[in-house]
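Next come the chains, spelled out residue by residue.
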Amino acid sequence: MAARPEAGVPRHLAIVMDGNGRWAKQRLRPRTFGHHAGQKAVREAVEFCLRRGIASLTLFAFSSENWRRPPTEVSALMELFLKALDKEVDELHGNGVRIRFVGDLDAFAPELSARMHAAMERTAANTALDMNVAVNYGGRWDIARAARLAAEAVARGEFGVEDIDETRLHGYTCLADQPPVDLFIRTGGERRVSNFLLWQIAYAELYFTDTLWPDVDQASLDEALDDYARRERRYGRTGEQVAKG
């Protein structure tokens, strides 16, 4: 069973893992060196979520726009995914982590796609943490896909067009079975969401840090949660209403 979150702790944490390339450049190493170093930060984030009782962790690993990067870097990233799956799945499974890859998986090579599906099937019954890895993912793609699926359901006669509202459309988005994102973190100094979980972060608190992703550790994440805990989440209400509960 998942640990019960502490007061002021988000149920769902989303992270844009930015800065691997710049981290490597500072060390006069190729960008791929930074991507390898970023794996340690992923492990730190998973351990952090398990320790703090966070239910869902979503990591932006490879966006639909990342295909525009140099072919050598894309190829290296794909190889890294394969090695990470072979190396990390056993430990994640042992810690009760359910792995889910979200995005258009059809674009990946059959070998990689097969290993992604195998990891999801193996960990499907785990309940300690939902670890969602966004690959070939874009927030606009997610919303467009949800609209298409809803339209197909209308065409099958399952409900009418007039029945489509936010709640129904939400059911067709990725991660619809998980809590909405409470805290969105972007590392690496950029101040934008970059087409990540556009639907799911509608009421998320945004936290930006200059720390490059390979340097992120549990202390860094504790700082983000401390900042989150100090914020007043009103959801359209007044501060007085929130104080009254």
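This one's a predicted model, so the numbers in the text were calculated from it and none came from an experiment.

Visitor: How would you summarise the pairing of strand β2 (residues 56–63) if you had to cite specific residues and measurements?
Guide: Burial within β2 is extensive, with seven of its eight residues counted as buried. Sheet topology places strand β1 (residues 12–16) next to β2; five bridges connect them, and they run parallel. Across the sheet, residue leucine 13 finds its bridge partner in β2, namely leucine 57. Pairing between β2 and strand β4 (residues 129–137): seven bridges, direction parallel. Looking across to β4, one finds that serine 56 is bridged to aspartate 130.

Visitor: Break down unusual backbone geometry for me, with residues and values.
Guide: Unusually for a residue other than glycine, asparagine 136 sits at a positive phi of about 45 degrees. Looking at the secondary structure, you find asparagine 136 in strand β4. Positive phi values are uncommon outside glycine, yet leucine 175 reaches one of about 70 degrees. Along the polypeptide, leucine 175 turns up in the loop between α6 (166–170) and β5 (183–186).

Visitor: Can you explain the pattern of salt bridges? Please cite residues and give values.
Guide: Under the definition given, this model contains 20 salt bridges. Its salt-bridge partner being aspartate 227, residue arginine 230 comes within 3.8 Å of it at the nearest N-O pair. For arginine 230, a relative accessible area of 66% translates into the label exposed. Of the charged contacts, one joins arginine 231 and aspartate 227 as a salt bridge, the two residues approaching to 2.5 Å between their closest N and O atoms. In the salt-bridge network here, residues are joined through shared partners; they are Arg98, Arg100, Asp130 and Asp177.

Visitor: Account for the packing of aromatic side chains, with residues named and values stated.
Guide: Taken as a whole and assessed by the stated rule, the structure comprises ten aromatic pairs. Aromatic pair tryptophan 67 and phenylalanine 108: ring centres 5.6 Å apart, planes at 45 degrees, arrangement tilted. In this pair, tryptophan 67 is assigned in the loop between β2 and α3 (71–94) and phenylalanine 108 in the loop between β3 (97–102) and α4 (110–123), connecting sequence segments 41 residues apart. Judged by relative accessible area, which is 34%, tryptophan 67 ranks as partly exposed. Taking the relative accessible area as the measure of exposure, phenylalanine 108 reaches 6% and is therefore buried.

Visitor: Give a description of α4 that names residues and reports values.
Guide: Its 14 residues give α4 an end-to-end C-alpha distance of 20 Å, which sits within 8% of 20 Å, the value for a rise of 1.5 Å per residue. Inspection of α4 places Leu112, Ser113, Met116, Ala119, Met120 and Thr123 among the buried residues, and these make up the whole buried set. Each buried residue of α4 sits inside an arc of 125 degrees when the element is viewed along its axis, so together they form one side. α4 presents Pro110 and Glu121 as exposed residues on the side facing more than 90 degrees away from its buried surface. Against α3, β3 and β4 lie the buried residues of α4.

Here is what the cut-offs are and how they apply
Residues numbered from 1 in each chain as written. Predicted model: local features only at pLDDT ≥ 70, side-chain atom pairs only at ≥ 80, totals over all residues. Heavy atoms only, no water. Buried < 20%, exposed > 50% of the residue type's maximum accessible area, 1.4 Å probe, protein only. Helix = DSSP H or I, 4+ residues; strand = E, 2+ residues; numbered from the N terminus. Pairing = 2+ DSSP bridges. Salt bridge = Lys/Arg side-chain N within 4 Å of Asp/Glu carboxyl O. Phe/Tyr/Trp six-rings, centres within 6.5 Å; stacked < 30°, edge-to-face > 60°. Expected span 1.5 Å × (residues − 1). Arc of directions from axis to C-beta. Contact = heavy atoms within 4.5 Å.

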